[in-house]
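What follows is the residue order along each chain.
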Amino acid sequence: MIVGFFCRVVLPLYSHKYPSTHVLVRQTPALGKHLSGRSRSSTSVNHRKLVRNGEGKKSVIWLEGNIASGKTTCLEYFSKTSDIEVLTEPVSKWRNVQGCNPLGLMYQDPSRWGLTLQTYVQLTMLDRHVLPMASPIRMMERSIYSAKYIFVENLYKSGKMPEVDFAVLSEWFEWIVKNIAIPVDLIVYLQTSPQTCYERLKQRCREEEKVIPLEYIESIHNLYEDWLIHHKSFEVPAPVLVMPADHDLKKMLHQFEENREKILMANC
Ligand SMILES: Nc1ncnc2c1ncn2[C@@H]1O[C@H](COP(=O)(O)OP(=O)(O)O)[C@@H](O)[C@H]1O
Ligand SMILES: O=c1ccn([C@H]2C[C@H](O)[C@@H](COP(=O)(O)O)O2)c(=O)[nH]1
């Protein structure tokens, strides 16, 4: 039998309060049909909290932050913890889908290829979200929400995405979040200055990203801040734990350790 329920939201633990109006209950009777091919038979996907019989509570954490803010590094750290599965962003797919490179194309010509990339990002992120959980705790890099609220929004707002492309992507996104429950218990936001990210981006030296100017990183930063800190733009679907992330690696590792309990207790 399918069992699903909501858990308490631990507001006082987090730096930014989670408005109760943001608790969304989504009933999706048609979901099984839409997820055909996936083994969802013993799990309810109608609720944000999923409980499989006999398996106890599970929790899902999204790791959000600007480009090169240190998300992968953070995931690597937590991947060493038993009982946590980490899901990195499917960037390798975005760089190579059947021999094509939508990420590279988007950076070369955002107006032409923004829709192409973001359609594929939306698909591949959804695929991550509906993947059955293999561990009690899942930490995943970004989300279908940030793809829409940050990256699609940025393309559109900067005039690089035609209105019709934005409208089509928006309708797709709205349909997905209305009809498919996307579980999340906690958002960990790695908060950096744009300058830090820019320096780390240059150091990482990903081929497609060599054309990224500081202004692009600044726009992404502002969108993240408006969403997760100032609550000025879009719904925030879970409590937010803000982690200052401009520090050197040693201090960051220390900080990850200090926040371990808060993160691991995300659904209590
Ligand atoms: N705290 C840090 N101090 C200095 N460099 C860092 C730090 N964290 C990550 N890096 C480096 O910055 C680059 C981007 O980090 P990464 O974890 O890949 O970021 P993201 O996954 O957010 O894009 C990598 O070269 C990484 O080694
Ligand atoms: O919706 C999205 C999500 C990501 N991207 C870009 C931004 C970066 O160039 C890569 C992801 O790298 P990170 O270092 O993990 O930030 O993909 C995008 O264009 N749209």
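Residues numbered from 1 in each chain as written. Chains lettered and ligands numbered in written order. Predicted model: local features only at pLDDT ≥ 70, side-chain atom pairs only at ≥ 80, totals over all residues.

Per an unreviewed UniProt entry, the recorded name for the protein is Thymidine kinase 2, mitochondrial, and the organism is Cyprinus carpio carpio. In UniProt, the protein has this text filed under Subcellular location (unreviewed entry): "Mitochondrion". One UniProt comment on the protein, placed under Sequence similarities (unreviewed entry), says "Belongs to the DCK/DGK family." (UniProt positions renumbered as here; feature names shortened; annotations may be inferred.)

In terms of regular secondary structure, the protein is built from eleven helices and eight strands. Sorting the 268 residues of the protein into buried and exposed places 33% on the buried side. Here the contacts in the protein between residues at least 6 apart in sequence split such that 76% fall between residues at least 24 apart. (Helix = DSSP H or I, 4+ residues; strand = E, 2+ residues; numbered from the N terminus. Buried ≥ 20, exposed ≤ 12 C-beta atoms within 10 Å, placed from the backbone. Contact = placed C-beta atoms within 7 Å.)

Further remarks concern the site of ligand 2. Inspection of the region around ligand 2 gives Ile67, Ala68, Lys71, Glu89, Val91, Leu103, Leu117, Gln118, Val121, Ala147, Phe151 and Glu209 as its neighbouring residues. Secondary-structure elements contributing two or more residues to the shell around ligand 2 are helix H5 (110-129) and helix H6 (144-157). Examining the composition of the shell around ligand 2, we find that three residues originate from one element, H5, more than from any other. For the shell around ligand 2, a count of residues per class yields eight nonpolar, one polar and three charged. (Near = placed C-beta within 6 Å. Nonpolar A, V, L, I, M, F, W, Y, C, P; charged D, E, K, R; others polar.)

What follows concerns the site of ligand 1. Close to ligand 1 lie 15 residues, the nearest being Gly70, Lys71, Thr72, Thr73 and Arg200. Looking at the shell around ligand 1, the elements with two or more residues in it are helix H2 (71-79), helix H8 (194-204) and helix H10 (249-258). Taken together, the residues of the shell around ligand 1 break down into four nonpolar, seven polar and four charged.

Our focus in this paragraph is the UniProt feature "domain: Deoxynucleoside kinase" (unreviewed entry) in the protein. In this numbering, the UniProt entry assigns the feature "domain: Deoxynucleoside kinase" (unreviewed entry) to residues 61-264. Annotation note: span residues 61-264, helix share 56%, strand share 12%, distance between end C-alpha atoms 9 Å.

Further remarks concern H8. Buried residues of H8: Cys197, Tyr198 and Leu201, and no others. Summarising the axial view, the buried residues of H8 lie within an arc of 100°, below the 170-degree limit, and thus occupy one face. Packing partners of the buried residues in H8 comprise helix H9 (214-229). Looking at the residues trailing H8, positive phi occurs at Cys205, about 60°. (Arc of directions from axis to C-beta.)

Here Ser92 is to be found in helix H3 (residues 91-95). Sequence separation between Ser92 and Met139 is 47 residues, and the spatial gap between their C-alpha atoms is 18 Å.

At a closest axis distance of 9 Å, the pairing of H5 and H6 adopts a crossing angle of 175°. Relative to H6, the element H5 lies roughly antiparallel. For the pair H5 and H6, contact is made by Pro110, Gly114, Gln118, Val121, Gln122, Met125, Leu126 and His129 and by Ile144, Ala147, Phe151, Val152 and Leu155, respectively. Considering only residue class, the contact of H5 with H6 consists of nine nonpolar, four polar and no charged. (Axes fitted to C-alpha atoms, helices over the stretch in contact; angles between N-to-C directions. Parallel < 35°, antiparallel > 145°, perpendicular 65-115°, else oblique.)

Within the largest apolar cluster, 55 residues are counted, with the highest numbers of intra-cluster contacts made by Ile61, Leu63, Ile187 and Val188. At eight residues, H6 tops the list of elements feeding residues into this core. Among all residues touching Ile187, those that are not within four sequence positions of it are Trp62, Glu64, Leu228, Ala238 and Val240. (Core = buried A, V, L, I, M, F, W, Y, C linked by C-beta atoms within 7 Å.)

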